[in-house]
Amino acid sequence: MGGKDERINLRVDAETKRLLENASEVAGDTVSSFVLGAATAAARELLVDRTVFHLDEEQWQAFDAALSREPRDVPGLAELMRTSTVLDEGP
């Protein structure tokens, strides 16, 4: 990580502020460091399975074989992808 030259501002209610202040005091940290550490850890945990995954040799061979196969048509898939869903409907 580089220098700290970016800011994130948060607005919280009084109860949340007291909670964060109490927790950071117990942790022996500043509120900023406490919040940044917790948010960074949560972000990494959320994103880790989207960016890194670990495979043993057998799993890697199966994964590599799947990636190397020729593409194939899956009956009905093209039609399914063209079918509207509730997500396509307006509000």
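For the structure itself, consult the block above.
Quick notes on the rules
Residues numbered from 1 in each chain as written. Predicted model: local features only at pLDDT ≥ 70, side-chain atom pairs only at ≥ 80, totals over all residues. Heavy atoms only, no water. Helix = DSSP H or I, 4+ residues; strand = E, 2+ residues; numbered from the N terminus. Expected span 1.5 Å × (residues − 1). Polar contact = N/O pair within 3.5 Å; in protein donor to acceptor, adjacent residues only side chain to side chain. Axes fitted to C-alpha atoms, helices over the stretch in contact; angles between N-to-C directions. Parallel < 35°, antiparallel > 145°, perpendicular 65-115°, else oblique. Contact = heavy atoms within 4.5 Å. Nonpolar A, V, L, I, M, F, W, Y, C, P; charged D, E, K, R; others polar. Buried < 20%, exposed > 50% of the residue type's maximum accessible area, 1.4 Å probe, protein only.

## Looking at helix H1 (residues 14-27)
Item 1. A rise of 1.5 Å per residue sets the reference length of H1, with its 14 residues, at 20 Å; its end C-alpha atoms lie 20 Å apart and thus fit the reference within 8%.
Item 2. Sitting at the head of H1, Asp13 places a side-chain oxygen 3.2 Å from the backbone nitrogen of Glu15.
Item 3. Once H1 finishes, Gly28 follows within two positions and takes phi at roughly 70°, a positive value.

## Quick word on helix H3 (residues 57-68)
An α-helical turn contains 3.6 residues, so a residue and the one three or four places further along point in the same direction.
Item 1. The end-to-end C-alpha distance of H3, which contains twelve residues, comes to 16 Å, matching closely the 16 Å that a straight helix rising 1.5 Å per residue would cover.
Item 2. Where H3 starts, the residue carrying a side-chain oxygen 3.1 Å from the main-chain nitrogen of Glu58 turns out to be Asp56.

## Observations concerning the packing of H1 against helix H2 (residues 31-51)
Item 1. At their nearest, the axes of H1 and H2 sit 9 Å apart, and the two run at 90° to each other. Here H1 is positioned roughly perpendicular relative to H2, judged by the angle of their axes. Residue-level contacts link Leu20, Glu21, Ala23, Ser24 and Ala27 of H1 to Val31, Phe34 and Val35 of H2.
Item 2. Its residues placed into classes, the contact of H1 with H2 shows six nonpolar, one polar and one charged.

## Details of the environment of Val86
Item 1. For Val86, the location among the structural elements is in the segment after helix H4 (77-82).
Item 2. Residue classification places Val86 among the exposed positions, given a relative accessible area of 65%.
Item 3. Residues Val86 and Thr40, 46 residues apart in the sequence, show an inter-C-alpha distance of 34 Å.

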